[in-house]
Amino acid sequence: MMASGRWLYRWGAVLALAVMLTSQAALAERVAVSAIEGDKNNKLRAQVTGLLRKTRKVQVLPPAAWAKAAAKQKLRGQAAVDPRAVARLAPKLKVDAVLTGSAGRTYSTFNARLLDENGQEVWTGEFVLQRGLLPKYEARKFTQAVLDAVKAANAPAVAPPPAPEQPPVADSAPVPAPQPAPTVEQPAPEPHAAGKGEPEAVKPARPLEPEPSPAQGTASAPKTESTPRAPKPALVPESKPVPAWVELDEESHTYLTELEGSGGGFPEEEGVEAEGRMPPRLKVLLGAPVTWRRYCARPGATSCAEYDARPPEQQVGDITDFTSNAPYVGIAAEAEVFPLAHWPTLLRGVGLTLAYQRSFARTTVQVSTPVGETPEREVYATDTAYGAMLAYRYFFDLGKEGTPLFGYAGLRVGALGREFDVDEQVETPLPVVHRFYPAVGLDVSVPLMRQVRIQGSGQLFLRPNPGQSPWGDDDGSLAAEVRDYGESVSSMGWAAELGVAGDIWGPIGYSARFRLESYKDRYTGQGTRRGWTEGGVAEESYSSIIAGVTASW
């Protein structure tokens, strides 16, 4: 008896301890960790989730649970932690709080935010990061701060017991009483429909009742049989393929294109044949560019990557990062003029190329300092590119007799310009750039067939310094582009293009190519911005896809 009593006592203690642990876990608050902005490979989110789970004081959802739930609602990025989104998703996931935040551009700080189940911000904190993660001393501070904030946010939710408000709810209970009455009326038409014995025939008759003709008669079933007979006269158009002149026209069209060739001449006439085997005098392109832009500026460094690799204590001074939220679209127009292209001498390769491109970008601006970072702000900017270059091309024909396929290799020399200007005036400094510079380039075009030819080009920019514009500097804004970063600047740049083009019909064709344009500015001397005492570096690049329709004569 003594042994059995001890055994029961021990098992009772174990059961009591299990009940206490399960009750504590049931009463623990549930927390979801959303995706952290600027967190590469979600390493910081995984660390934060592990820290909160180790405390065993809150229940933490799996790291990707919130992101998956938001993705099902087509919510991504900051939209997933919008107050309205949190109020919608929190009850579905049964969470009491949502932890979110953002890592700095240099991954040196973590701005944490805690939202309650209604999407209201209840706590914020800033913590230091090392290599994108929380160090031990910051991890302890962060964990305790989040636990205190979660408990404080959910403490008042237990207090309000609205007992007296429940009786009025009971008074409103008789309101659903009249609902069974319509439910009794609904089964009445069901046996009536079953009494007809043909429920399947009645169903197709009902959608025909809105029509004016079968609305009055109840014998709609035979009318439905007559309606499928109506499409029978529609079988009469089967005689459409009968006209043979259509086929003859298509055959004659293909026959004419075989005689034309790319130059538009006919082989029966010698003079026209010679002219048809010459390259076009004029080619015009009208299209749309899609562009991505990136800009960065770092003090006392030779490149942006070298500055970002430094320890946080050595990253001193104002830095600027400028990126577009999404590729922006614009218009592009180009012209190639070779007035001597039909001359039988080498002078036929002399010509002129003109280009103009203007796009409108919605861009995000953020300035980072060792103290902190300014909030991101969207501004609208204009991206303008233009140029005029003298060209010489050596044309060669890879086609057969009557169907010329002209390719070329050539050289271009001229002036180009690139301007990225912001229309809206904002408080933060912006990397507005105006460039106007001489350039040289090489062009190559190799035809594979009339419909496909491979085109490529490369250009070298000679001193594409910022603060240069052919329109002058009336207000001194161009000089400020250099003065902010140093006393003088030396720049270099290049561009490369690769794409395809071809003929579609007659003089009409197409062109699609990818263009990469890069600049690097090295500043020396004292600048007006903080930390720019010994100059620095700025890097700018444009990635564009230009596609459009061409016309050649």
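Quick caveat: nothing in here was measured; it's all calculated off a predicted structure.

Another point: the overall build of the chain. In terms of helices and strands, the chain carries 14 helices and 16 strands. Looking at the chain as a whole, 37% of its 553 residues are labelled buried. Taking the intrachain contacts of the chain between residues at least 6 apart in sequence as the baseline, contacts between residues at least 24 apart amount to 66%. For the chain, the accessible area works out to roughly 32400 Å², and carbon and sulfur atoms hold 62% of it.

Our focus in this paragraph is empty space enclosed by the protein. Applying the stated rule across the entire model yields two cavities of 30 Å³ or more. Estimated volume of the largest cavity: approximately 670 Å³. Surrounding the largest cavity, 40 residues form its lining, E334, A355, R412, E497 and R513 being those nearest its centre. In terms of residue class, the lining of the largest cavity is made up of 18 nonpolar, 11 polar and 11 charged.

Moving on to the state of the cysteines. A complete count under the given rule lists one disulfide for this structure. Covalent S-S linkage joins C296 and C304, the inter-sulfur distance amounting to 2.0 Å. Between C296 and C304, the S-S dihedral sits near 100°, and the bridge is therefore right-handed. We note that C296, like C304, is buried.

Attention now goes to the environment of G300. Inspection of the secondary structure assignment puts G300 in the loop between β6 (282-299) and α13 (304-308). Excluding anything up to four places from it in sequence, G300 contacts R310, G535 and G536.

Further remarks concern the packing of aromatic side chains. Within the structure shown, the criterion is met by 15 aromatic pairs. Between F395 and Y408, the ring centres sit 6.1 Å apart and the planes meet at 65°, which makes this aromatic pair edge-to-face. Taken together, the residues F395 in strand β10 (residues 377-397) and Y408 in strand β11 (residues 406-422) connect sequence positions 13 residues apart. Residue F395 shares its accessibility class with Y408, and that shared class is buried. Pairing Y519 with Y542 gives two aromatic rings, centres 6.5 Å apart and planes at 90°, and the pair type is edge-to-face. Of the two residues, Y519 is situated in strand β15 (residues 508-524) and Y542 in strand β16 (residues 536-552); the sequence distance between them amounts to 23 residues. Across the pair, Y542 and Y519 agree in class, each one buried. By the ring-pair criterion, three or more aromatic residues cluster together here, those being F110, W123, F127 and F142. In this arrangement the basic side chain of R293 is found over the ring face of F420, its NZ or CZ atom lying 3.7 Å from the centre. Across the ring face of Y519, the terminal group of R435 is positioned such that the distance to the ring centre comes to 4.3 Å.

Moving on to the nonpolar core. Most often, soluble globular proteins have nonpolar side chains that are buried together. Counting residues in hydrophobic clusters, the biggest one holds 25 residues, and the most contacted among them are V48, L99, F110, W123, L134 and F142. In terms of residue count, helix α5 (residues 136-158) provides more of this core than any other element does, six residues in total. Contact partners of L134, with chain neighbours within four places excluded, come to L44, Q47, V48, L51, F110, F127, V128, L129, A139 and F142.

Now for helix α3 (residues 65-72). Taken residue by residue, α3 has W66, A69 and A70 as its buried positions. Seen end-on, α3 carries its buried residues on one side only, within an arc spanning 100°. For α3, the exposed residues lying more than 90 degrees away from the buried face are K68 and K72. The secondary structure elements touched by the buried residues of α3 are β1 (29-33), α4 (83-93) and β3 (97-103).

The next subject is the sheet that holds strand β2 (residues 58-60). Taking strand neighbours across the sheet as the criterion, the five strands line up as β2-β1-β3-β4-β5 in an open arrangement whose pairing is mixed. Every interior strand has two partners, whereas the edge strands, β2 and β5 (121-128), have only one. Strand after strand, the sheet turns through a mean of 25° between neighbouring axes, direction not considered.

Rules used throughout
- Sequence order as written defines the numbering, with residues in each chain counted from 1.
- Residue-level local features of this predicted model are given only where pLDDT is at least 70; pairs of side-chain atoms are given and counted only at 80 or more, and the full residue set underlies all totals for whole chains, interfaces and linings.
- Heavy atoms from the whole structure form the basis of all side-chain values; hydrogens and water molecules are not counted.
- Each helix is a run of H or I in the DSSP string that is no shorter than four residues. Each strand is a run of E no shorter than two, and both are numbered from the N terminus.
- Partly exposed residues are those whose accessible area sits between 20% and 50% of the maximum for their type, while under 20% is buried and over 50% is exposed, using a 1.4 Å probe and protein chains only.
- For this analysis, residues touch if any pair of their heavy atoms sits within 4.5 Å.
- Surface accessibility in these figures is a Shrake-Rupley result with a 1.4 Å probe; residues are shielded only by whichever protein chains are displayed.
- Think of a 1 Å grid over just the protein atoms. A cavity is a set of points where a 1.4 Å probe fits yet cannot get out, a pocket is an open set with protein on both sides within 12 Å along at least five of seven lines, and lining residues have an atom within 4 Å of a point.
- Grid points are joined across faces, edges and corners, and a volume is the space filled by probe spheres set on the points.
- Lys, Arg, Asp and Glu make up the charged group, whereas Ala, Val, Leu, Ile, Met, Phe, Trp, Tyr, Cys and Pro make up the nonpolar group; the residues left over, Gly among them, are polar.
- Counting rule for disulfides: a pair of cysteine sulfur atoms within 2.5 Å.
- A pair of aromatic rings is counted whenever rings of Phe, Tyr or Trp (Trp by its six-membered ring) have centres within 6.5 Å, and the orientation is called stacked for planes under 30 degrees apart, edge-to-face for over 60 and tilted otherwise.
- Over a ring means this: the NZ of a Lys or the CZ of an Arg is within 6 Å of the ring centre and within 35 degrees of the ring normal.
- By nonpolar core is meant a set of buried Ala, Val, Leu, Ile, Met, Phe, Trp, Tyr and Cys residues that side-chain atoms within 4.5 Å join together.
- By construction, the arc corresponds to the directions joining the helix axis to the C-beta atoms.
- By the convention used here, strands pair only if DSSP detects at least 2 bridges between them.
- For helices, the axis comes from a line fit to the C-alpha atoms of the stretch in contact; other axes are also lines fit to C-alpha atoms, and the angle between any two N-to-C directions lies between 0 and 180 degrees.

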